[in-house]
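Chains, contacts and geometry: an overview
Residues per chain are reported as follows:
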Amino acid sequence: MSFRIIPLACLALIVVASLLRGEAVRREGGRAWAFAEAAGIQRWAGVAFALSIATVAGAGLLTSTSPVENRAAMIMAALSAIGGTLIVIIAQVQMGPAWRVGVRESDAPLFVRHGLFRYSRNPIFVGMMLTGFGVALVADLWWCWVALAIFAGACVVQVRIEEAHLAASFGDDYAAFRRAVPRWFGL
């Protein structure tokens, strides 16, 4: 198997894992797909997520059969995507019924403090960016890098929305969590 296909396969695995996680939350009585009801800036962030992920995936598909020119870059891309995918899936499972895609004003799921969330308040976004980086590295198309930058920007916007929601919902407990755990990994 070509190293080129690994990041794309990882991205596909994240999509499948997210769909399965959403279904698990639904079976537990929750509603995971909050982006469907989003308005304003959160709706724009959701659209940016969807379009940028589709663009990155398209770039990966477009270049998946190209010959490997830089084996070291392909290995780095594969490792980045595998690591990112593992982070996403582990963090999704660790969130349990609190896992959501987006924020609803009426929702106040618990914020998760265990597992990967001891090291990052947003490991799922970090993992998705690592996986996207792997795809962009193997695709090596300027517009794929632009899509990845848009995705990262949408992550920043969405994180601020989520942090405001959690601060309003959990007050001092969430403020203490924010002080103790970095937004990303060590940043």
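Basis of the calculations
- Think of each chain on its own: its residues are numbered from 1, step by step along the sequence as written.
- A pLDDT threshold of at least 70 governs which residues receive local features in this predicted model, and a stricter bar of 80 or more applies before side-chain atom pairs are shown or counted, although totals over entire chains, interfaces and linings include all residues.
- By convention in this description, side-chain values take in all heavy atoms of the structure and omit both hydrogens and water.
- The helix and strand labels rest on DSSP assignments: H or I over at least four residues marks a helix, E over at least two residues marks a strand, and numbering proceeds from the N terminus.
- The contact criterion used throughout is that any non-hydrogen atoms of two residues lie within 4.5 Å.
- An expected span of 1.5 Å times one less than the residue number is assigned to each helix.
- By definition, a residue's bend is the angle between the axes fitted to the seven residues ending there and the seven starting there.
- Definition used in this section: a nonpolar core is a set of buried Ala, Val, Leu, Ile, Met, Phe, Trp, Tyr and Cys residues joined via side-chain atoms within 4.5 Å.
- Relative accessibility under 20% of the residue-type maximum defines a buried residue, over 50% an exposed one, and the middle range a partly exposed one, all with a 1.4 Å probe and only protein chains included.

**Comments concerning the side chain of Gln42**
With respect to the helices and strands, the residue Gln42 is situated in helix H2 (residues 40–63). Filtering out sequence-adjacent residues up to four positions away, Gln42 remains in contact with Phe35, Gly102, Val103, Gln158 and Ile161.

**Regarding helix H5 (residues 142–180)**
Here H5 contains 39 residues, and its C-alpha end-to-end distance of 37 Å is more than 12% below the 57 Å for a straight helix at 1.5 Å per residue. Along H5, the helix axis deviates most sharply at Phe170, where the bend reaches about 125 degrees.

**A short note on the nonpolar core**
Membership of the largest hydrophobic core comes to 25 residues, with the highest contact counts inside it found for Phe49, Met95, Trp99, Ile124, Phe125, Cys155 and Trp184. Where this core is concerned, the elements lending two or more residues are helix H1 (5–27), H2, helix H3 (71–95), helix H4 (123–139) and H5. Among all residues touching Met95, those that are not within four sequence positions of it are Val112, Phe117 and Ile124. Residues Leu11, Ala59, Ala136 and Cys144 belong to the second largest nonpolar core, which totals 9 residues.

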